[in-house]
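Observations on the model geometry
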Amino acid sequence: MSSDSQQPRPPEGATTDTTTLLLCGARLTDGRTVDVRLSSGRIEAVGTPGSLGAHGARVDLAGYLLLPAPAEAHAHADTALSGDVPGPVPYAAEDVQRRATEATLLQLGHGATALRAHVRIGDVQGLASLEAVLQARRSLRGLADLAAVAVPRLLTGVAGADGLAMLRDAVKMGASVVGGCPDLDPDPAGYVEAVLEVAAEHGCPVDLHTDGDDPARLARLAAMAGGLRPGVSIGPCGALSRLPGDARARVADQLAAAGVTVVCLPQGGCSGTELRGAAPVRLLRSAGVRIAAGSGALRDVANPVGRGDPLEAAYLLVSQGGLRPAEAYGAVSEAAREAMGLPAVRVEAGFPAELLAVRGERLAGVLSLAYSRIVVHRGRVVARTSAVREYCDSAAALELPRQARPDAPP
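These notes cover the structure that comes with them. On a predicted model such as this, the values are computed, not experimentally measured, just so you know. (Residues numbered from 1 in each chain as written. Predicted model: local features only at pLDDT ≥ 70, side-chain atom pairs only at ≥ 80, totals over all residues. Heavy atoms only, no water.)

1. Some details on the overall build of the protein
The number of helices and strands found in the protein is 11 helices and 16 strands. In the protein, buried positions account for 52% of the 410 residues. Summing over all exposed atoms, the protein offers an accessible surface of approximately 17,900 Å²; the carbon and sulfur share of this is 51%. Here the protein carries 40 positive and 44 negative side-chain charges, and the mean point of each set is 4 Å from the other. (Helix = DSSP H or I, 4+ residues; strand = E, 2+ residues; numbered from the N terminus. Buried < 20%, exposed > 50% of the residue type's maximum accessible area, 1.4 Å probe, protein only. Areas by Shrake-Rupley, 256 points an atom, 1.4 Å probe, with all protein chains shown as cover. Lys, Arg positive; Asp, Glu negative; His and termini not counted. Charge placed at Lys NZ, Arg CZ, Asp CG, Glu CD.)

If you want it as structure tokens, here you go:
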């Protein structure tokens, strides 16, 4: 367990429920059935059913699998939910704030209690979209933690001077992560160097978009980023899969040595990259690269059907990426939180009360049919989704399964 001194402080003004909440009869991934008591935003105790007393509110989780809550490591709050907008996407402050708020609540309902949102700065919008996302973050305090990544267009040459100044202003305004798209700059290496310089000045993490189609460029990025704290993430790196095998292996070794995290996007691409494809997650993992998974585009022009569901991302890592269910869920929970600089979460006493309960018995089944969910943030239930499947009367004689608690009678 990380010490309090190593854990990030709650956002200014964030609320933590000081009452006690008892989660009753939850199933854990190791097969145990337990009660879990939450207090002051943390897990206070875990015990056998009925052993923790009945003080405070209770939530019956019989029939649910209790997991550490996922985190959304790669969202685009300024463009989310804009795919159905007729004509040009509106970037007025109220439009961006509304979309960012609605998108965050949608992903919170899926289970993500912390989100990292990339926001473009510069061009016509300047810092207006960032300010709108930061306003959404303030309005969502107590429901979800939303962090903003400043994404400038150009940072090198005469045209990049304004972008560099605006990037510094964005960090001062409240962007907690320095990002960007070096592949779109005439001097990608210079772009990365500028980003790392600003991040070092302010002690910010770095999160960059790249297709990963140039091994030499990735090698230079790894060399420059090695050892930077609090860390560097890149993604979605979909073009890595199309490189020759020996080139892929060299890049994987270089990224692992530099401690760079790769955030893949199993559900599709995003507006920050041009190429589609899935990163070679098994190769990267075997080389020692930390792999996190995000959602990317959420129903915008880059992916008009993007769902923003971390459990779907984990499902795709299993069904298409070849990972085991526990590895895949770790990519959207443990690894995602680590990439975002958040404290670890385990269903054990002393850990943050960031939890997701999904109806089901085992992780594989949950990733396949994750319909009913209960989301806990800072020790209180903040979202609940219930789904009921029913069959017509003529099917009753077939004794078809229906959604119910495993211990409930027919």
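2. Thoughts on empty space enclosed by the protein
Scanning the entire structure with this criterion turns up three cavities of 30 Å³ or more. One number sums up the size of the largest cavity: a volume of about 90 Å³. In terms of lining, the largest cavity is formed by 14 residues, of which the most central are D183, V192, R217, L218 and L221. If you list the elements that add at least two residues to the lining of the largest cavity, you get α4 (188-202) and α5 (215-225). The element best represented in the lining of the largest cavity is α5, accounting for five residues. Split into classes, the residues belonging to the lining of the largest cavity amount to seven nonpolar, two polar and five charged. (1 Å grid on protein atoms, 1.4 Å probe; cavity = no way out; pocket = protein on both sides within 12 Å on 5 of 7 lines; lining within 4 Å. Points joined across faces, edges and corners; volume = space filled by probe spheres on them. Nonpolar A, V, L, I, M, F, W, Y, C, P; charged D, E, K, R; others polar.)

3. Comments concerning the environment of A287
One can find A287 in helix α7 (residues 281-287). Separated by 207 residues in sequence, A287 and A80 have C-alpha atoms that sit 34 Å apart. In this view, A287 contacts A252, D253 and A256; residues no more than four positions away in its chain are not counted. (Contact = heavy atoms within 4.5 Å.)

4. Quick notes on the sheet that holds strand β9 (residues 177-180)
Strand order across the open sheet formed by eight strands is β6-β7-β8-β9-β10-β11-β12-β13, with parallel pairing between neighbours. The open sheet has two edge strands with one neighbour each: β6 (71-75) and β13 (291-293). Geometrically, the sheet is characterised by an average inter-axis angle of 25° between neighbouring strands, direction not taken into account. Where strand β8 (residues 145-152) meets β9, two bridges bridge the pair, whose relative direction is parallel. Residue pairing in the sheet places V149 in a bridge with V177 of β9. Along the sheet face, helix α3 (residues 157-173) touches β7 (114-121), β8 and β9 and points at about 165° away from the line of β8. (Pairing = 2+ DSSP bridges. Axes fitted to C-alpha atoms, helices over the stretch in contact; angles between N-to-C directions.)

5. Digging into helix α8 (residues 310-319)
Buried within α8 we find P310, L311, A313, A314, L316 and L317. Between the side-chain oxygen of the N-cap and the backbone nitrogen of L311 there are 2.9 Å, and the N-cap of α8 in question is D309. (Polar contact = N/O pair within 3.5 Å; in protein donor to acceptor, adjacent residues only side chain to side chain.)

6. What about unusual backbone geometry?
Look at the link from G235 to P236: it is a cis peptide, with omega at 0°. For S40, which is not glycine, the phi torsion reads 55° and is therefore positive. Relative to the helices and strands, S40 resides in the loop between β2 (33-39) and β3 (42-47). One non-glycine residue, R378, lies in the positive phi region at around 55°. Looking at where R378 falls in the secondary structure, it is placed in the loop between β15 (373-377) and β16 (380-385). Accessibility expressed as a relative area gives 10% for R378, which makes it buried.

7. Here we look at the state of the cysteines
According to the stated counting rule, one finds zero disulfides in the structure shown. With no disulfide partner, C237 has as its closest neighbouring cysteine sulfur the one in C264, 9.2 Å distant. Exposure remark for C237: the relative accessible area of 0% places this residue in the buried category. The closest cysteine sulfur to the non-disulfide-bonded C270 is located on C181, 7.5 Å from its own sulfur. (Disulfide = S-S within 2.5 Å.)

8. Brief notes about the pairing of β7
It is a general feature of regular strands that their side chains alternate between the two faces of the sheet. Of all eight residues in β7, seven are buried, a share of seventy percent or more. Pairing analysis gives three bridges linking β6 to β7, with the strands arranged parallel. From the neighbouring strand, A75 faces β7, where its bridge partner is A117. In terms of handedness, the path from β6 via helix α1 (residues 93-110) over to β7 forms a crossover that is right-handed. The pairing of β7 with β8 spans eight bridges and is classified as parallel. Paired with R116 across the two strands is A147, which belongs to β8. What joins β7 to β8 is helix α2 (residues 128-139), and the crossover it makes is right-handed. (Right-handed = clockwise from strand over helix to strand, strands pointing away.)

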